[in-house]
Every structure is written in C-alpha cells, then in structure tokens.
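Observations on the three-dimensional arrangement
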Amino acid sequence: MARYLLLRLGDAIPTLFLVLTLVFVAMRILPGDPALAALGDAALPEQLAEFRERMGLNVPLWQQYFNFLGGVLTLDLGRSLLSNTPVLTLIAQNLPYTIELTMAAMLMGIVAGIPLGVVAATNRNKTPDTGVRLFSLIGYAIPDFFLGALLLITFSLNMGWFPINGAGTDFVSRVHHIFLPALTLAFVKAAFLGRLTRTSLLEVLGKDYVRTARAKGAKENRVIYQHGLRNAMLPVSTGLGLSLLSTLSGSVAVELVFNRPGIGRLLIDAIAERDYAVIQGGVLVFAGFVVLINLLMDLVYVVIDPRVRVK
Amino acid sequence: MHATSAVGTERVAPKAGQGSVLSVRDLKTSFLTSRGWVEIVNGISFDIDAEETLAVVGESGSGKSVTALSIMRLLDPEMSRVEGSVRLADRELLTLSPAEMRSVRGLQMGMIFQEAMTSLNPLQTVGKQIAEVLTIHDRYSGQAAMKEAERLLDRVRIPAAASRLNDYPHSLSGGMRQRVMIAMALACKPRLLIADEPTTALDVTIQAQILQLIKQLQKEEGMGVLFITHDMGVVAEVADRTVVMLEGRAVESDTTEAIFERARNGYTRALIAAVPKLGQGSENGPQHFPTLDRKTGIVAAARERPDTVRREGEPVLSVRNLVKRFDIPGGLFSGPSGRVHAVEKVSFDLRGGETLALVGESGCGKSTTGRAIMRLIEPQSGEISIEGTDIRALDKERMRDMRRHIQMIFQDPYASLNPRISIGDAIAEPFLTHKLGTKAQAREKAMDLLERVGLSADMASRFPSQFSGGQRQRICIARALSLEPKVIVADESVSALDVSIKAQVVNLMMDLQEQFGLSYLFISHDMAVVERISHQVAVMYLGEIVECGPVRAVFGNPQHPYTKRLMAAVPVPDPSRRKQLRPVNNEEVKSPIRPVDYVPPVREYREASPAHIVQVWGDDWKV
Amino acid sequence: MIAEETARVLPAEPSALEKVRKILFGRLDTMLATGIIVVFVLIAVLAPFLAPYDPLAQSILKINRLPSSENWLGTDQFGRDVLSRLIYGSRNSLLFGFISPVLAAIFGTLLGVIAGYFGGIIDRLISRVIDLLLAFPELLLAILIAAVLGGGFWNIIAVITVAFIPGFARVARAQTLSVKQEPYVEAAIAVGVRTPIIIVRHIIPNIMAPIVALMTLWVASAIRIEASLSFLGIGTRAPNPSWGNIIRDGLNSLFGSPWPIIGAGVAITLVVLSFNLVGDAIRDALDPSTAR
C-alpha cells in the first residue's frame, strides 16, 4: 500500500510538469504578443519594449520557459502590472476566502445531498423519490450565478437578512457573510450528490451480495447501510472529488455575484484589467488545485477499496 | 407437479410431506412484466428429508432457480407472486411475516449461489461476512463470532483458516470463494441447504471438490439439500431424488437411480444422453447426439457416421513447438514482475476431415493456442504449417490470403456478430474481402450457406438481434464456411449454449465435416461434447500438452496423473457412484505464472498405446 | 434434446430513431421538454420578427424601468428593452449549445478511436493529455482557457469545444478498446479484412450510441458554460446580448429592476433543464448500459 502511494505521488510530478508546460504554452504562444494584449493596440513601441523587458519576454522562448519553471519552483510569480504587488501576495490574501467558501459549500452539500439520495433510493418511484428527482433536475439546470443573484436580491436586498457584499472580519460576521454564497454552491452540490447517491445505492442494492445478505436473514436496515451504502460510497467518493472541483469552478461566478474576495475574483478582475502576471498566477492556482484534489481522490480510493490496494 | 399428476406420485403421495425437512406443494410463481403477470413456475411439488438431496434439473428459463428463490422468499415482493405451500419442518413459510421469515433465513435455511465472486461483499473480509450470520441470529458476538468463523473456514477445508479470516474475497480463488459461501450458509447449522448451480462457474476438478465437500458436510450435519443444476452428470453425483423441470413444470420426478435407468420422458432421456461416458463411447469415432422433436416427442436416434479422416498425405494443420509467453508488467522503472507461460512447446498434427480437441481447465493455454494459430496474437516461436506452408514466415499480404484456409468460431454467440450488419452481409463479407466473386455471387453464397446450416435463405436481410444464441452460432459457422476453409478453430464454440441447443450445433458441425471434409481444432472444457465430436484429444495443463491420442484411449485409459485427476473429476451418469465418498485432491488449479528467470524443463514423451502419447512427468507429480 | 426451432426469428428491434421518437413523445416530462426546446428554437430563428425593439437600441429616457405594457419585461440600465435582448440572446445560447458539442464529438471521437485501436505510444501520449484535461471540470477548463484567449464568438466556440474534447475522446477510446475485443472484430481480422475497413465498418458504428448520447447531454452543458463565461465577462462581448451577460448587466445595477436577471435566469434554467431531460432520455434509449 505504501508502495502504491509512492507510485501515485511519483505519478503526480510529471502531471504537474505537464500542467506548467501547458500554462506556459498557452500564455506565451497562443494569444500572440502578450505585450500587445496587456497594453492594448494603442501602446507606443517604447512602452511595449519596456513591458517586455520588465516581464522577461525579450529573451529566447526556451530561456523564458526555464525562467518560468524556476519562478514557479521558487514561488516567484512576478508582480501585478496594476498594483506592483507580488502575485504570490495577492494569492495569499485571496486564497483563504476561496477555500473557506468551498469548504462551507461542500459541507452543506454533503449533509443535504447524501441523505436525500438514500431517501430517494429506499423509496424508489414513490413521492420522496419524485421530490428528490425534481430537486436534482432543477439543481442540475439552474446556473449558480442566477441562483446566487436570486438569493442576494431576496434575502439581502429585500429582506436585509444578510450582507450584500464582502467577507466579514470576525468569526460571526464571516459566517454571516458566507452563508448565502455557500448555500448557492451547496444547492447545486446537493442535487449532484443526491442523484449520484441514489443511482449508486440502487445499483448496489441490485447486486448478488445484497441478496446474500438477505439470505443470511439480515434486517433491511443492515442490508441497506452495511452492505448497500458502504459499497455505494465508492462511486460517491469519486463524486465528492468531482464535486469539490466543480465547487471550485463555481466559486468564480459566486464570488463575483456576492462581491467576495477570492481567487476567482482575482482572476476575473485580472482578465478585465489584462493583468498578465496575475492571470498566470490565478490559472496556476486552479490547475494546482486540480492536480492536488485528483491525487487526494486516488488516495481516498486506496483507503476505502481493498481491491485497489493489491494492484 | 400436482399431487395427482402421473409422474412420481408413488414417492410423494403417501408421505404427503409429513416429517420432511422441506415440503413444497403446488408452488406457483409469477413475475410482473410489461405484459402483466407471467407464470414462471406452475405447480411444482416435492419433499426433502433429512440427510437427503433432491436435485431440480432444467435448462435456462425452466424456472429452477426461481423455484429456489421462491422457497427462500428472496424475490422482490412487488414484482413477484408466490402461491402454493412451502413447509419447512411443518411450518408454512409463505404466510410468515417478513420479520419471521428473516429469522428462518440463514438460521434454518442456508443458500449458496452460482457466482461466489459477486455473491460476496467485496469491501468486507470473509471472516466478517461469516461472523455476520452468527451475530444476526445471536449465536455468537464479537470475538467469539470471529473464532467460530475461523472454525467454519476450517470445516470447509480452507487451509490456514486463521490467516484467511482477514482476506477480502478478491484475493481468493473461485473454489475458495464458494467454500466461504458454504461456510456462511452452514454457519447456524440449518436444516436445509439450497445450492443454486454452485459449481457451474468452476473448473471440473474444483467442482468435484465442492460436490464432495457438500456431501461430507451433509452427512455430518444431517441436513437436507436442494440442489439446482442443469447437468445430469452432477445429478448422478449428488442426488437421491430428482425433479426434471421444463418450462416451469415438472416433467419427471423419481429416485435418481430410476431416472437414469428408465426415464419415461424423452426430454429426460435426451438430458442424460448429454452426459459424458468417458471411454465407454462408440468405437467408430464421433457420434451424433440424439435429439428430441418438441412437437412429436420423438427422440431421433444417432445415425451411424462414415469415417471422415483422410489418413494419407500430409496433415492440413501442423503445429511444432509453439510458444506464447506474456510478461506481467512490474513497477514504473522495473522490468516484468513475472511471466505467464501460456503456451509452452505445443506440437500436434491435424489431418483432413479430422477433429482434434484441446481440453483442459481455465488458464491451461488452450484458447491462447487457438488464437496464436489464427495469428490473432503473435507467438514467440514455433511453426504453424497449413498444408506444408509455414504461415509464421508469411508477410502481411500473403498471410491475408492464407486466412482463407483457416477460420475461427468464437465462444459468445451474442458478441460474434456485428449488431449493425445484416447476417447476409456478415456472411458475404469474407467472400468479398478476398474478391472471390461479384456482390451478386456473394449474396447467392450467403443464402446457400444459410440453408446449409439449417436456417432459411430469406433470413439474410435480418439483423443479429433477431436470432437466438443457437441460431447465431449457426450464422457464425456459415460465415466461417464462406471462404471454404480447410480448418476451423472452434474456441469453446458451444459452451455458452443450453444443453439441447448445444447438441444440435455439435450435430451440425459433424454434418458439415462430412459434407466439406473440414478439419476442426475443437477447444473445449466440456468432456461430453469432446467425447462426441472428436477423433483425437490433447489434454493441456499449464501451457503444455501432457497427453494426446484417440479419444477412447485417452478418456478410457488415462496415463498422466493430471489426466487421471481430470477424468476422475468429470461427473458420469452412474448414480451408484454417489454413495462413495471418494478421495478428492484438494489442490487448487495451478497458475502458469512463473518468475522471469524460469526455464521450462525439457519434456520427453512416450507412447502408451498406438498413437496415444503421454508426457513423462517429473518429480512434482510423485506423491 | 429438444430440437431448436431454427425457422423462427424474433421480431426486429425498433430502429434507434424510432426508440428516440418513442422516448421523446412517450413520457409527459420529456414531451414537455421537447416542446420547450422547439419553442426556444423557434424564438431564436424568428428573433427579428418576434422582438418588439432593437436589442441594442439605448434610450436615456427609459433607464431601469419595471415591466409595463410598453416594455413587457422592463428596460436595463441603458434603456434597452429586456425582452428583445432575451429573444436575441437565445440565438447565442442555442448556437453555442449545438455547434460546440458536435465539433467536440467529431474531434474527440477521432482522437479516441485512434488511441484505442492502435494503442502503443500513440495511445499513451493521447491518453496522458486526455487524462490531464479530464481532471478539470469542463467549466473550469473553459474559464482558464478563456482567461488566456479572451472572449468573442470564435473563441467561445473554441473554448467550449476544447473543454469537451477530452470527454468524448475518453468515451470513444474506452468503447473502441472494448469493441476491439469483441469476437466480431476478431472474426473480421481472422477473415483478413483490412484495418481501415474494420474501423469504419465494425468499430465506429458500434461506438456511436454513447457518443450521440453524450452529445445531446452536453448541449445543456455548452449552454450553461456559454452563459457562465458571458456572465464572467469572458464570453459574448457587450453590447451583443447573451443570457449570461444580461444577468451580469442586471447585477451591475442591483438597485434597478430585477427583471433582466429573472428573465434571463429562468430562460437558461428552462432550456438547460429541457436539454438535460431530453439528453437523459436519448442516452437511456441509445445506450442502455449507462442507463440510470
């Protein structure tokens, strides 16, 4: 098992490397001249030259590549064009808010979603099942930024129960600020996890070993929870990883709706300002999260599925 | 079967189920389908006494498994309806509440299933799963339950039981898993064990072990056994009494001896004819299976068959020292961690009009041999000659041309035909690929071949989904024949078919051999079919041929210890054998995986009788 | 043995098209969904005739108005008619919704079949990149690519297409791998059929069902992603109307009328919901192995 873990970790390194290379290629080659892109068509030649100098764009491409890799390794991601703040500082300031939001949303989504799925599966084709189906249909369809806007208009603007923007300072006000944005993301998560739990539990309940459990004389509760739900949690745990990632991507729009600080906001503002170094930093943070979460998912799988351990 | 029906009443009626372990009367089970309620089992009755085994025999769809599940009340109550009476030790089960029924299941009735792999929870250790039965029924709890589980593993002859307790099902072999299932079913010492095709998915030597184990435990515990199977050979091995089921009804019910001696029903007789006789078969080479016409009820006797083998001239297919090994990949930066010696120095000749059977258990390399000969996989070394041409030396284009002479029929009839291509086009494809004529000629050829395999020419425009398994296998045979090959490699080609369909496809293959002078390389684990269809048989073990010769000689007078063990494990139609508890070798089927540096020993062969060749075995066989 | 009745054939299976038709009109919910989709397609096609105003025409005189008989859904902060913008916005949504999945299906299937059939180093290379991209949720991938590329019609098509290609490639590769093992493909190889013919005749027709099913399901995703990108300001560029940027504009003048947000939001939800329902139904009909 330890060997497997090491193998998986070793596997993540080339993946990370590939991600860095893709980001580099995308940033330098695809959109043409980054200087033009950053300063606009009206920029003077001296301004462009000065920009290239400052960004290290006047050296050969392979040297830029190594500079870029070196920068990432030493956590030197350059400075914002706009504020001249180091990109790393900007990320460090914003990251906690995004993590806070994602975690809160995941927690709410899991607490609501998995029980909903169990209720639906154990009451197949009855009223609770139909209700969960309806909920998940809407959850799958409604864009998070629309749901967020609706909640914001209703509960913050009209009722005044929640603040309109920001993230709060002390614990109580942070919870107060995070509630609606987290609820927005959690709604979609709960729909996804509910449906996934229902599907996989129903599938497991049709398996031969569930029949064996009944043949042993086990009570229905034991059959559903000991043999059903535990095995159904295998696909659900993969679903949790996916759901964590999609919460992260959803956080971009939700941070915008609720005017919260966060990595998503940072990235979107940087795009609007063509703040080249910050865009690159933001993309790297998200890509890093993806690699990390996928690695974690693999590790979780090893822990819960004995069949993977021997391979 | 109603108590008033003609068959088997003399055994059943006087007892009327009094004192029996299990007494089933007029059991009717219906399923809710899109067409409303459909009766799957209509009116089955039987009794099982303590220490007695009753077999329910039938083909797929006969309702035999549904009968078992009805007795256990394991069918979905919303989708099924069970009527009649099921009494376990004089207690009616069908009227029990779900809670009362739960206390019967596992405690008074245990059940084992065909697929032990899927029937065990993959995320729980086997110890925990066995202990669960004990704790559910309050027999033991906690550590004591685990201790008892260990004792049970020991009882089902699992070596080193204590260390196996913490194993997960995937790390056990198929036979071990079935033993675990048995341990679970018998944990609370039930009065009745229901075994639903418990050995169908197992190799024949493992089947013998499991059957023996069930018999031993039955004797020790004094329980009744309801044994569901499709194999009359297994029936002869285990059952005191037998009920033959066909389309939800009992067509015959009697003591097993009576059924084997004087079955009244044609269907029963046909089922018995499908059991291998091992060396007591015909002396005149391959013989047809007798078949029963469903409408007239007449059994067509097997007709005499002319000798088709062309003994003069060179063999059509000659294989010399064929070797195929697979490396098992190791870690990221290390070499292979082991090597599968799938085929090791295999040599044989196949003459015109002859059938050579390659037999052996799973993993023995028989299928790999077939695929290597077809060059679907590339062997490492060896010669494969078709009428003197070594096909391994041919380039791509000439190999493509050579493929006309050797064709293959696969195991799974449902996957052997492209679902998107009409069967006429499928049969015409080889003909057109080799540009043997125009499209019109290809169509003509396809229609002719359809007629020859017993289908009709107007079916050519239909799609595979419209045909049954047996029909599809006929279509595959027609497709293989469209190139007029000399050799057909049949890889477990009839194994997936029901007994009765199997017999007919085998008969067809023999007829085609007569008509076209075909040679078959017949790869199979099914001794009954091999005995019927082959002239020669080669027994494979761990990638090597250990014994080879005329069927009668090899089956009737096996020489190699492995062949002997294999033959001893094959169930034969002799119910008198079952009372004996024969010594069974409890060894697992060995794996052909070897260390990377393994060098296979040089083998020598000796002649036991004319044309009967046996490998000289080494120390590993000396017991 | 009982003689098999070889003369009897089973009734023909209904064709895929018939099955889809039966599913689309056989159940109330999918029938409703199909109806909603037809209505929105008609709105998009007939936009110039249906829209009461020019969607780009600004008017300082009527900024942020609530619904009235003049402007049924009110006006936005530039005085543009919200209903007209919604009607024209449907064109964007549906166009991206249809084009990107089709393009992605073509490229992805090609990649997947090549990787799956030939294996070896080609497969390892393609699979590695696919696996990496698959680790990203489609929306995140689209946001990241759009962050680099910027918005605009062709960029959005490229962004969504690229975000979808890995999914199709994975399904096509897995399907190819399994179909390649099927005895009917081996039988064709054994007969001597040439590789290109095997791929075109035996492989591709048998992997299309899940691909088509995935394509219909991803129409909904494409519409969602376009809306999200436009909402984030990296999709359809102002002043061109898109449901996503209508909501963005609505949020920018929060204290104005909520109707642009509600109108566009309901439109997206309805269309995505309908395509999800229809996509599920088609998937169930074409690809029973993944049916839920």
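Residues numbered from 1 in each chain as written. Chains lettered and ligands numbered in written order. Predicted model: local features only at pLDDT ≥ 70, side-chain atom pairs only at ≥ 80, totals over all residues.

1. Digging into the overall build of chain B
What chain B contains, in helices and strands, is 21 helices and 25 strands. Taken against the 2.2 N^0.38 rule, which gives 25 Å for 623 residues, the C-alpha radius of gyration of chain B at 26 Å falls within 12% of a compact globule. The contacts of chain B with a sequence gap of at least 6 include a subset with a gap of at least 24, amounting to 70%. (Helix = DSSP H or I, 4+ residues; strand = E, 2+ residues; numbered from the N terminus. Rg over C-alpha atoms; globule rule 2.2 N^0.38 Å. Contact = placed C-beta atoms within 7 Å.)

2. Considerations on the interface of chain B and chain C
Many authors give the size of an interface as the accessible area that is lost as the parts come together. Opposite the 43 residues of chain B that make contact, chain C presents 23 residues. Those elements that provide at least two residues to the side of chain B that touches chain C are helix H12 (266-273), strand S11 (291-292), strand S18 (406-409), helix H15 (423-433), helix H17 (469-481) and helix H18 (499-516) of chain B. Counting residues per element, the side of chain B that touches chain C draws most heavily on H18 of chain B, which supplies five residues. Residue classes in the side of chain B that touches chain C are distributed as 20 nonpolar, 14 polar and nine charged. (Nonpolar A, V, L, I, M, F, W, Y, C, P; charged D, E, K, R; others polar.)

3. Looking at the UniProt feature "domain: ABC transmembrane type-1" (unreviewed entry) in chain A
The UniProt feature table records "domain: ABC transmembrane type-1" (unreviewed entry) at residues 95-301 of chain A. In the segment residues 95-301 of chain A, helix accounts for 85% and strand for 0%; the C-alpha atoms at its two ends are 27 Å apart. (UniProt positions renumbered as here; feature names shortened; annotations may be inferred.)

4. A closer look at the confidence of the model for chain A
Confidence in the prediction for chain A averages 85 pLDDT; 93% of positions are at 70 or higher. Per-element averaging of pLDDT across chain A places helix H13 (residues 306-310) of chain A at the bottom with 66 and helix H5 (residues 87-122) of chain A at the top with 93. (pLDDT = per-residue confidence, 0-100.)

5. Section: the nonpolar core
Residues Leu226 and Val539 of chain B together with Ala142 of chain C are the most contacted members of the largest nonpolar core, which totals 349 residues. If one sorts the elements of this core by residue count, helix H9 (residues 195-232) of chain C sits on top with 16 residues. In contact with Leu226 of chain B, not counting residues within four places along its chain, are Leu22, Ile48, Leu54, Val56, Ala68, Leu192 and Ile194 of chain B. (Core = buried A, V, L, I, M, F, W, Y, C linked by C-beta atoms within 7 Å. Buried ≥ 20, exposed ≤ 12 C-beta atoms within 10 Å, placed from the backbone.)

6. So, the packing of helix H6 (residues 138-149) of chain C against helix H7 (residues 153-180) of chain C
Residues and elements named next belong to chain C. Viewed as axis vectors pointing N to C, H6 and H7 meet at an angle of 140 degrees, and their least axial separation amounts to 9 Å. For the element pair H6 / H7, the angle class is oblique. You can see that H6 and H7 cross each other, and the crossing is right-handed. For the pair formed by H6 and H7, the contact residues are Glu138, Leu141, Ala142, Ile145, Ala146 and Leu149 on the first element and Asn155, Val159, Ile160, Val162, Ala163 and Phe164 on the second. Here the residues of the contact of H6 with H7 are counted per class, giving ten nonpolar, one polar and one charged. (Axes fitted to C-alpha atoms, helices over the stretch in contact; angles between N-to-C directions. Parallel < 35°, antiparallel > 145°, perpendicular 65-115°, else oblique. Left-handed = near helix turned anticlockwise from the far one by under 90°.)

7. Thoughts on H17 of chain B
Between the first and last C-alpha of H17 of chain B there are 18 Å, a value that for 13 residues agrees with the 18 Å anticipated at 1.5 Å per step. The buried count for H17 of chain B comes to twelve of 13 residues, which makes it a mostly enclosed element. Restricting attention to buried positions, one finds in H17 of chain B the residues Gly470, Gln471, Arg472, Gln473, Arg474, Ile475, Cys476, Ile477, Ala478, Arg479, Ala480 and Leu481 of chain B. Taken together, the buried residues of H17 of chain B touch S18, H15, helix H16 (439-452), strand S19 (487-491) and H18 of chain B together with helix H8 (183-191) of chain C. (Expected span 1.5 Å × (residues − 1).)

8. Remarks on the domain arrangement of chain A
Residue and element names in this part refer to chain A. The domain boundaries assigned to chain A delineate domain 1 (2-73) and domain 2 (87-309). Taking only C-alpha atoms into account, the centre of domain 1 sits 32 Å from that of domain 2. The partner domain 2 presents twelve residues to the 13 residues of domain 1 that form the contact. For the side of domain 1 that touches domain 2, the secondary-structure elements that each account for two or more residues are helix H1 (2-28) and helix H2 (34-39). It is H1 that provides the largest number of residues to the side of domain 1 that touches domain 2, a total of nine residues. (Domains from an automatic or database assignment.)

9. Comments concerning the domain arrangement of chain B
Residues and elements named next belong to chain B. What the domain assignment reports for chain B is domain 1 (1-108 + 190-273), domain 2 (116-187), domain 3 (310-384 + 487-623) and domain 4 (406-484). Placing the centre of domain 1 and that of domain 2 at their C-alpha centroids yields a distance of 26 Å. Taken together, the contact pairs 14 residues of domain 1 with twelve residues of domain 2. In terms of residue class, the side of domain 1 that touches domain 2 is made up of eleven nonpolar, two polar and one charged.

10. Thoughts on the interface of chain C and chain A
Every contact between the two is made by 30 residues of chain C and, on the other side, 38 residues of chain A. Where the side of chain C that touches chain A is concerned, the elements lending two or more residues are H6, H9, helix H10 (243-252) and helix H11 (259-286) of chain C.

11. A closer look at the pairing of strand S7 (residues 192-196) of chain B
Residues and elements named next belong to chain B. For S7, a buried count of five out of five residues is recorded, marking the element as mostly surrounded by other parts of the structure. With burial as the criterion, each face of S7 is covered, one bearing Leu192, Ile194 and Asp196 and the other bearing Leu193 and Ala195. One ladder, built from four bridges, connects strand S6 (residues 109-112) with S7; its direction is parallel. Each residue of the ladder has a partner; that of Gly110, found in S7, is Leu193. Where the polypeptide runs from S7 across helix H9 (residues 204-221) and back to strand S8 (residues 224-229), its parallel neighbour, the crossover connection is right-handed. (Pairing = 2+ DSSP bridges. Right-handed = clockwise from strand over helix to strand, strands pointing away.)

12. Thoughts on the packing of helix H5 (residues 126-136) of chain B against helix H6 (residues 142-155) of chain B
All names here are of chain B. As a packed pair, H5 and H6 sit with axes 8 Å apart at the nearest point and diverge in direction by 115 degrees. Relative to H6, H5 is oriented roughly perpendicular. Handedness of the crossing formed by H5 with H6: right-handed. Contacts between H5 and H6 involve Gly127, Ile130, Ala131, Leu134 and Thr135 from the first element and Ala145, Met146, Glu148, Ala149 and Leu152 from the second. Here the contact of H5 with H6 is built from residues that sort into seven nonpolar, two polar and one charged.

13. Examining the UniProt feature "domain: ABC transporter" (unreviewed entry) in chain B
The feature "domain: ABC transporter" (unreviewed entry), as annotated in UniProt, sits at residues 22-272 and 317-567 of chain B in this numbering. Its end C-alpha atoms 27 Å apart, residues 22-272 of chain B is made of 40% helix and 27% strand.

14. Regarding the environment of Pro601 of chain B
Looking at the element boundaries, Pro601 of chain B is found in the loop between strand S23 (593-594) and strand S24 (605-609). Take Pro601 of chain B: there are 10 C-beta atoms within 10 Å of it, and that puts it in the exposed class.

15. Here's the deal with the UniProt feature "transmembrane region" (unreviewed entry) in chain A
Residues and elements named next belong to chain A. The feature "transmembrane region" (unreviewed entry), as annotated in UniProt, sits at residues 12-30, 103-122, 134-155, 175-193, 232-258 and 278-304 in this numbering. End C-alpha atoms of residues 134-155 are separated by 24 Å, and the span's content is 91% helix alongside 0% strand. Between the C-alpha atoms that bound residues 278-304 the distance is 39 Å, and the span itself is 100% helix and 0% strand.

16. Some words on the environment of Arg155 of chain B
All names here are of chain B. Looking at the element boundaries, Arg155 is found in helix H6. The exposure class of Arg155 is partly exposed, given the 19 C-beta atoms found within 10 Å. In the structure, Arg155 is positioned 438 residues away from Ile593 in sequence and 30 Å away in space, judged by C-alpha atoms.

17. Regarding unusual backbone geometry
Glycine aside, negative phi is the norm for most residues, and most peptide bonds take the trans geometry. Residue and element names in this part refer to chain B. The phi dihedral of Arg73 is positive, around 55 degrees, even though this residue is not glycine. By the element assignment, Arg73 lies in the loop between helix H2 (64-72) and strand S4 (80-88). On the basis of neighbour counts, which here come to 21 C-beta atoms within 10 Å, the residue Arg73 falls in the buried class. For Lys189, which is not a glycine, the phi torsion comes out positive at approximately 50 degrees. Inspection of the secondary structure assignment puts Lys189 in the loop between helix H8 (174-185) and S7.

18. What to know about H7 of chain C
Taking 1.5 Å of rise per residue, 28 residues should cover 40 Å, and H7 of chain C covers 39 Å from first to last C-alpha, within 8% of that figure. The sharpest bend along H7 of chain C reaches about 30 degrees and sits at Phe164 of chain C, with the proline Pro166 of chain C one to four residues further on. (Bend = angle between axes of the 7 residues up to and from the residue.)

19. Here we look at the sheet that holds strand S10 (residues 249-255) of chain B
Residues and elements named next belong to chain B. Read from one edge to the other, the open sheet built from six strands follows the order S6-S7-S8-S3-S9-S10, with strand pairing classed as mixed. Single-partner strands in this sheet number two, and they are S6 and S10. Each strand of the sheet is rotated relative to its neighbour by a mean of 15 degrees, with strand direction disregarded. Sheet topology places strand S3 (residues 53-57) next to strand S9 (residues 241-246); four bridges connect them, and they run parallel. Within S9, the position partnered with Ala55 by the bridge is Thr242.

20. Considerations on the sheet that holds strand S22 (residues 544-550) of chain B
Residues and elements named next belong to chain B. Spatially, eight strands are ordered S18-S19-S20-S15-S21-S22-S25-S24 in an open sheet, and the strand pairing comes out mixed. Single-partner strands in this sheet number two, and they are S18 and S24. Sheet twist, expressed as the mean angle between neighbouring strand axes with direction ignored, is 20 degrees. Inspection of the sheet shows S18 paired to S19 by four bridges, in the parallel sense. Bridge pairing links Ile409 to Ala490 in S19. In the packing of helix H21 (residues 561-569) onto the sheet, contacts are made with strand S21 (536-541) and S22, and the angle to S21 comes to roughly 105 degrees.

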